[in-house]
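Tertiary structure, described
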Amino acid sequence: MVFLAPATVIYSVFMVYPLLDSLRRSFFDDDGNFAGLDNYNTLFGNPTFADRFWDALGHNFQFFAFHMVLQNPIGLLLAVLLTVQSVRGLNIYRTIVFLPTTLSVVIVGFVWRLILSPIWGVTETLGIDTPLLGESRTVLPTLSLISVWQWVGIPMIFFYAVLIAIPKDLIEASRVDGAGSWQVFRDITFPLILPMLGIISILTYIGNFNAFDLIYQVKGVVAGPDFASDIMGTFFYRTFFGASGTTGSPAMGATVASVMFLIILVGVLIYMFGWQRRVTTYEL
Amino acid sequence: MNTATSAPAPPNRISPTKRRIHFGRWGVHAVLLSYSMLALGPTLLIIMNSLKSRRAIFDDAFSLPTADTFDLVGYDTVLNGSSFDVYFRNSFIVTVASVLLVVFFSAMAAFALAEYDFKGNTLLALYLAIGIMIPIRLGTVSILKLMVSLSLINTLWALILVYTAMGLPLGVFLMTQFMRQVPRELKSAARVDGANEYRVFGLVLPLVRPGMAAVAVFTMLPVWNDLWFPLILAPAENTRTVTLGASAFLGQFERNWNALLAALTLAMVPIILLYVIFSRQFLRGLTEGAIK
């Protein structure tokens with residue numbers, strides 16, 4: 001099929017093949033000899049790998065939790081406010097709120113690095129006296145908040161899309177029946193946005209494993225202090241390319257990627273069978 | 001509302017409702033305004049201070065530049081010591097090429113998937129959709145090997161091909177939804193008139209413009225802003241994208257705050273301007289794609 005060929009070929013060669021080949025490589029050593037599960041044994045058995053791996057995975061889930069608890073509810077709240085009728089200037093707000101999402105992570109990372117830098121004194125004026133990005137206790141929550149600040153536009157615009165598609169007469173009808181704003185939200189709006197909530201959650205989950213850029217930009221590949229901001233993305237990069245004294249290994253890199261693949265797969269399966277099957281999608 | 005028979009509502013029933021709406025409207029403004037300030041504040045702080053002298057940056061970060069404190073020394077340093085023009089050109093080429101390829105190839109594939117009933121249709125659609133759920137970065141080890149063997153390392157082609165592959169799954173999925181909405185009669189009529197399949201495809205394309213816009217918008221952002229693949233596939237000075245270039249460049253000026261602030265401003269302002277000018281189309285594209 002002429003129509004299908006370009007998309008299928010490019011997708012297969014540059015995405016499907018590399019993903020499968022990566023899985024294959026995780027069973028071979030760096031010289032191409034079959035190694036069975038040796039790489040996996042190293043990853044989970046050798047403390048230099050295993051400790052870092054479990055740390056990074058834990059941080060990843062914290063990072064995810066911050067986005068679920070803050071980014072998505074704030075996104076929903078903003079979307080609801082942006083669809084309130086009879087308020088002027090909503091388009092301006094919508095444009096402004098989405099603005100950080102269009103900036104690159106490099107810029108966002110640097111902007112916040114400067115603002116939070118103890119040298120500048122902005123934080124002092126705002127009454128913050130800890131170097132938020134410098135202490136292991138605060139670095140991960142701070143980075144999560146920066147990421148939430150940047151990406152809140154995505155859930156906002158997705159929820160917004162669903163909300164404006166809800167027919168007005170549906171809401172008016174229930175108003176006439178005497179329902180208050182909260183009741184309308186609980187009984188009509190919320191069931192209608194529930195499927196989108198699932199989609200956003202799974203996208204947030206997958207996106208977490210891509211969250212390399214921000215950490216790299218603000219804290220470097222070593223993800224300091226003392227690996228306190230290390231996540232799977234930075235761990236994968238270090239394992240593959242090496243960093244500060246350690247040599248990288250493509251085979252180990254492929255192994256880390258394969259484990260990440262499995263973790264993502266588990267999340268996607270939970271979404272598909274635990275959520276999608278139970279939530280009703282209403283055709284409007 | 002029936003008019004003639006119903007007595008006028010007692011005034012004490014109307015006024016609280018009115019007050020609530022009134023309060024609600026201000027409440028909405030208050031929340032959105034505070035959030036807008038939170039969204040804009042950091043950006044404005046950087047731009048504002050990039051126009052000030054070093055002393056003024058540290059003395060009072062929150063004040064606007066005045067005649068006394070106005071200073072462009074940062075811009076001088078940045079513009080004389082960087083190749084941001086090259087980086088911008090690279091990012092532009094990579095983004096435009098990837099977006100065009102994704103939009104066009106997804107439209108073609110989606111046309112076939114929506115139009116023809118052939119064996120394996122659903123299976124192929126599923127195969128192409130799997131990529132939506134799996135980050136392409138997990139294949140980086142093999143992508144790097146593949147690009148080395150194709151001698152595409154440090155070329156913009158490496159990035160364009162990877163980004164096209166990355167954008168296609170969502171692109172095909174979205175376009176298929178839009179293609180399904182094109183009325184069947186239109187295509188049959190064209191075929192009756194003797195149009196071949198390419199001609200029919202050409203006729204359908206203008207009808208799915210909103211879909212193409214949505215796909216373009218969804219592809220554009222992650223490509224323009226990506227740091228991972230430029231860092232790994234094309235780190236050479238002459239193939240750096242803006243994102244990677246800014247990352248490396250900003251790193252050099254660790255202690256020169258004027259230059260840092262100026263460089264950040266230069267990297268942000270074009271994007272912000274483009275976004276503000278096209279925000280209506282851009283957000284419409286996102287909104288239309290989101291509910292498919």
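Rules used in this analysis
- Sequence positions are assigned chain by chain, starting from 1 and proceeding in written order.
- Each chain takes a letter, starting from A, and each ligand takes a number, starting from 1, following the order in which they are written.
- In keeping with the model being predicted, local features are shown solely for residues with a pLDDT of at least 70 and side-chain atom pairs are shown and tallied solely at 80 or more, while totals for entire chains, interfaces and linings include all residues.
- Side-chain numbers come from the whole structure's heavy atoms, not from hydrogens or water.
- Only DSSP runs of H or I covering at least 4 residues are called helices, and only runs of E covering at least 2 are called strands; the numbering of each starts at the N terminus.
- Three labels apply to residues, based on accessible area from a 1.4 Å probe with only protein chains included: buried if under 20% of the type maximum, exposed if over 50%, partly exposed otherwise in between.
- Here, Shrake-Rupley sampling with a 1.4 Å probe gives the accessible areas, and only protein chains in the shown set may cover a residue.
- Working convention for charge: Lys and Arg count positive, Asp and Glu count negative, and His plus the chain ends are omitted.
- A charge is said to be at NZ when it belongs to Lys, at CZ for Arg, at CG for Asp and at CD for Glu.
- Computation of the radius of gyration draws on C-alpha atoms alone. For the globule rule, the value is 2.2 Å times the number of residues to the power 0.38.
- Two residues form a contact once any of their heavy atoms are found within 4.5 Å.
- Summed over both partners, the accessible area (1.4 Å probe) lost when two parts come together is defined as the buried area.
- One side-chain nitrogen of Lys or Arg within 4 Å of one carboxyl oxygen of Asp or Glu is enough to make a salt bridge.
- Here a polar contact means two N or O atoms within 3.5 Å. Within protein one must be a hydrogen donor candidate and the other an acceptor candidate, and residues neighboring in sequence count only if both atoms are side-chain atoms.
- As a working rule, the residues Ala, Val, Leu, Ile, Met, Phe, Trp, Tyr, Cys and Pro are called nonpolar, Asp, Glu, Lys and Arg charged, and the rest polar, with Gly in that last group.
- Annotation comment: domain bounds sourced from an automatic or database domain assignment.
- Confidence of the predictor at the level of single residues is given by pLDDT, which spans 0 to 100.
- The nonpolar core is taken to be a set of buried Ala, Val, Leu, Ile, Met, Phe, Trp, Tyr and Cys residues, with the residues joined through side-chain atoms within 4.5 Å.
- Only centres within 6.5 Å qualify two rings of Phe, Tyr or Trp (six-membered ring in Trp) as a pair; their planes then separate them into stacked at under 30 degrees, edge-to-face at over 60, and tilted for everything else.
- Geometrically, a charge over a ring is one whose NZ (Lys) or CZ (Arg) sits within 6 Å of the ring centre while staying within 35 degrees of the ring normal.
- In this context, the arc is that of the directions from the helix axis out to the C-beta atoms.
- To define axes, lines are fitted to C-alpha atoms, for helices over the stretch in contact only, and angles between the resulting N-to-C directions are given on a 0 to 180 degree scale.
- By definition, any crossing whose near helix is turned counterclockwise from its far helix by less than a right angle is left-handed, and any crossing with a clockwise turn is right-handed.

Turning our attention to the overall build of chain A. What chain A contains, in helices and strands, is 13 helices and zero strands. Expressed as a percentage of the 284 residues in chain A, the buried residues total 55%. Roughly 12500 Å² of accessible area belongs to chain A as shown, and the carbon and sulfur atoms make up 64% of that amount. When the 14 positive and 18 negative side-chain charges of chain A are each reduced to one mean point, those points stand 8 Å apart.

Within chain B, the regular secondary structure consists of 13 helices and zero strands. Here the C-alpha atoms of chain B give a radius of gyration of 26 Å, more than 25% beyond the 19 Å that 2.2 N^0.38 yields for 292 residues. On the principal axes, the C-alpha backbone points of chain B span a range of 85 × 75 × 35 Å. Taken across its 292 residues, chain B has 50% of its residues classed as buried.

Turning our eyes to something else, we now look at the interface of chain B and chain A. Taken together, the contact between chain B and chain A spans 89 residues of the former and 87 residues of the latter. Together, B:Tyr35, B:Met133 and B:Leu138 form the three largest contributors to the area buried by chain B at its contact with chain A, with a combined 9%. Linking chain B with chain A are one salt bridge. One can count 15 residue pairs in polar contact (both at pLDDT 80 or more) joining chain B with chain A. Considering only residue class, the side of chain B that touches chain A consists of 67 nonpolar, 14 polar and eight charged.

Residues and elements named next belong to chain B. According to the domain assignment, chain B consists of domain 1 (14-71) and domain 2 (77-290). Put simply, the middle of domain 1 and the middle of domain 2, counted by C-alpha atoms, are 34 Å apart. With 10 residues of domain 1 at the interface, the matching set in domain 2 holds 10 residues. Interface area, domain 1 with domain 2, both sides summed: about 780 Å², of which 73% is carbon and sulfur. Ranking the residues of domain 1 by area buried against domain 2 places Ile-46, Ser-50 and Arg-54 at the top, with a combined share of 50%.

In this section: the confidence of the model for chain A. The predicted model of chain A averages 81 in pLDDT, with 95% of residues at 70 or higher. No element of chain A has a lower mean pLDDT than helix H6 (residues 122-125) of chain A, which averages 70, and none a higher one than helix H7 (residues 139-151) of chain A, which averages 87.

This part takes up the nonpolar core. Core analysis: the biggest nonpolar cluster contains 188 residues, and A:Trp120, B:Met179 and B:Leu233 have the highest contact counts within it. Sort the elements by how many residues they give to this core and helix H13 (residues 257-290) of chain B lands first, with 16 residues. Not counting the four nearest positions on each side in its chain, B:Met179 is found in contact with B:Ala107, B:Ala110, B:Phe111, B:Ala114, B:Lys187, B:Phe201, B:Val204 and B:Val208.

Now for the pattern of salt bridges. Residues and elements named next belong to chain B. Applying the stated rule across the entire model yields 11 salt bridges over all chains. Two residues, Arg-137 and Asp-226, come together in a salt bridge whose shortest N-O distance is 2.8 Å. Placement of the pair is Arg-137 in the loop between helix H5 (121-133) and helix H6 (140-149) and Asp-226 in the loop between helix H10 (209-225) and helix H11 (228-233), with a sequence separation of 89 residues. Residue Arg-137 shares its accessibility class with Asp-226, and that shared class is buried. The partner of Arg-240 in a salt bridge is Glu-237, with the nearest N and O atoms 3.3 Å apart. Owing to a relative accessible area of 41%, Glu-237 belongs among the partly exposed residues under this scheme. The network of salt bridges with shared partners includes Glu-115, Lys-187, Arg-191 and Glu-197.

Let's shift gears to the packing of aromatic side chains. Here the structure, examined in full by the defined rule, presents 26 aromatic pairs over all chains. Taking 5.9 Å as the distance between ring centres and 70 degrees as the angle between the ring planes, the aromatic pair formed by A:Tyr237 and B:Trp228 counts as edge-to-face. Residue A:Tyr237 is located in helix H12 (residues 232-241), and its partner B:Trp228 is located in helix H11; the two belong to separate chains. Residue classification places A:Tyr237 among the buried residues on the basis of a relative accessible area of 13%. Look at B:Trp228 and you get buried, because its relative accessible area is 1%. Arranged with centres 6.2 Å apart and planes meeting at 65 degrees, the rings of B:Phe104 and B:Phe201 form a pair that is edge-to-face. Taken as a pair, B:Phe104 in helix H4 (residues 84-115) and B:Phe201 in helix H9 (residues 197-204) lie far apart in primary sequence, 97 residues in all. Using a relative accessible area of 40% as the deciding quantity, one classes B:Phe104 as partly exposed. Each residue in the set A:Phe212, A:Tyr216, A:Phe236, A:Tyr237, A:Phe240, A:Phe241 and B:Trp228 is aromatic and connected to the rest through ring pairs, giving one cluster. Sitting over the face of the ring of A:Phe28, A:Arg24 holds its NZ or CZ atom 5.1 Å from the ring centroid. One residue, A:Arg113, lies across the ring of A:Phe110, its end atom 4.7 Å from the ring centre.

All names here are of chain B. Among all positions of helix H3 (residues 73-80), only Gly-74, Tyr-75 and Val-78 are buried. Angularly, the buried residues of H3 cover 95 degrees about the axis, an arc narrow enough to put them on a single face. Facing away from the buried side of H3, by more than 90 degrees, are the exposed residues Asp-76 and Asn-80.

All names here are of chain B. Running from amino to carboxyl end, H4 crosses H9 at an angle of 115 degrees, the nearest separation of the two axes being 11 Å. Viewed along their axes, H4 and H9 form a crossing whose handedness is right-handed. Contacts between H4 and H9 involve Phe-104, Ala-107, Met-108 and Phe-111 from the former and Glu-197, Val-200, Phe-201 and Val-204 from the latter. By residue class, the composition of the contact of H4 with H9 is seven nonpolar, no polar and one charged.

What follows is about the side chain of A:Thr102. Along the polypeptide, A:Thr102 turns up in helix H4 (residues 90-102). With residues near it in sequence (within four places) discarded, A:Thr102 still touches B:Leu221, B:Asn225, B:Ile271, B:Tyr275 and B:Phe282.

To continue, consider unusual backbone geometry. Residues and elements named next belong to chain B. A positive phi angle, close to 45 degrees, is found at Ser-151, a residue other than glycine. As for its placement among the helices and strands, Ser-151 is situated in the loop between H6 and helix H7 (156-180). For Asn-154, which is not glycine, the phi dihedral falls at a positive 60 degrees. Checked against the element boundaries, Asn-154 lands in the loop between H6 and H7.

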